[in-house]
Amino acid sequence: MPRCRRGGPPWWEPRFQEAGFRLTMPRQAILEVLSNTEEHPSAEEIYLAVQKIYPNIGLTTVYRTLELLVDMGLVFKFDFGDKRARYELSQGPTSKKHHHHLVCTNCGRIIDYTDFIDEEKELLRRTEAGLSEKYNFKITDHLIQFYGLCDECRG
């Protein structure tokens, strides 16, 4: 089983123990595939990548495992409008910081947007505070996706 940089178990292993689940080889393989990509792969793309590590895995197992990982909060599931669910590892010692997505409606390119300016951070903080107060709702996270045309499709 892969180890983190300090030689300990992968960051997600304790989450399985806390939730009362076993970290099976298919689950481990899927998490490894997601931890080694900058893309937002579909279940089918994850399946093809996992087959190289764990050839006995079935597509149904990949779908079931992804749903479990989403329910556990280890993986984010996105709908970018291409009629395919896309997945991304949610956290960990090597994860990117919080980001939003820019989605090209022509070619489907997805850009992770992380370089927020102070005005954006303040707007989001005020929006979350206002919504929390208005609806008596504790916001723990948010997801923002912007749709439009990338530079290549505009040119």
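Residues numbered from 1 in each chain as written. Predicted model: local features only at pLDDT ≥ 70, side-chain atom pairs only at ≥ 80, totals over all residues. Heavy atoms only, no water.

**Looking at the confidence of the model for the protein chain**
Item 1. Residues at a pLDDT of 70 or more form 90% of the protein chain, whose mean pLDDT is 86.
Item 2. Note that pLDDT drops below 50 for residues 1–7; the model gives that stretch 14 contacts with residues more than four away or on any other chain. (pLDDT = per-residue confidence, 0-100. Contact = heavy atoms within 4.5 Å.)

**Describing the packing of aromatic side chains**
Item 1. Applying the stated criterion to the full structure yields four aromatic pairs.
Item 2. A centroid spacing of 5.5 Å and a plane angle of 75° characterise the contact between Trp11 and Trp12, whose relative ring orientation is edge-to-face. In this structure, Trp11 and Trp12 share a single accessibility class: buried.
Item 3. Residues Phe76 and Phe78 carry aromatic rings whose centres are separated by 6.1 Å and whose planes lie at 50° to one another, so their mutual orientation is tilted.
Item 4. Accessibility expressed as a relative area gives 34% for Phe76, which makes it partly exposed.
Item 5. An aromatic cluster is defined as three or more aromatic residues linked by ring pairs; in this entry it consists of Phe76, Phe78 and Phe80. (Phe/Tyr/Trp six-rings, centres within 6.5 Å; stacked < 30°, edge-to-face > 60°. Buried < 20%, exposed > 50% of the residue type's maximum accessible area, 1.4 Å probe, protein only.)

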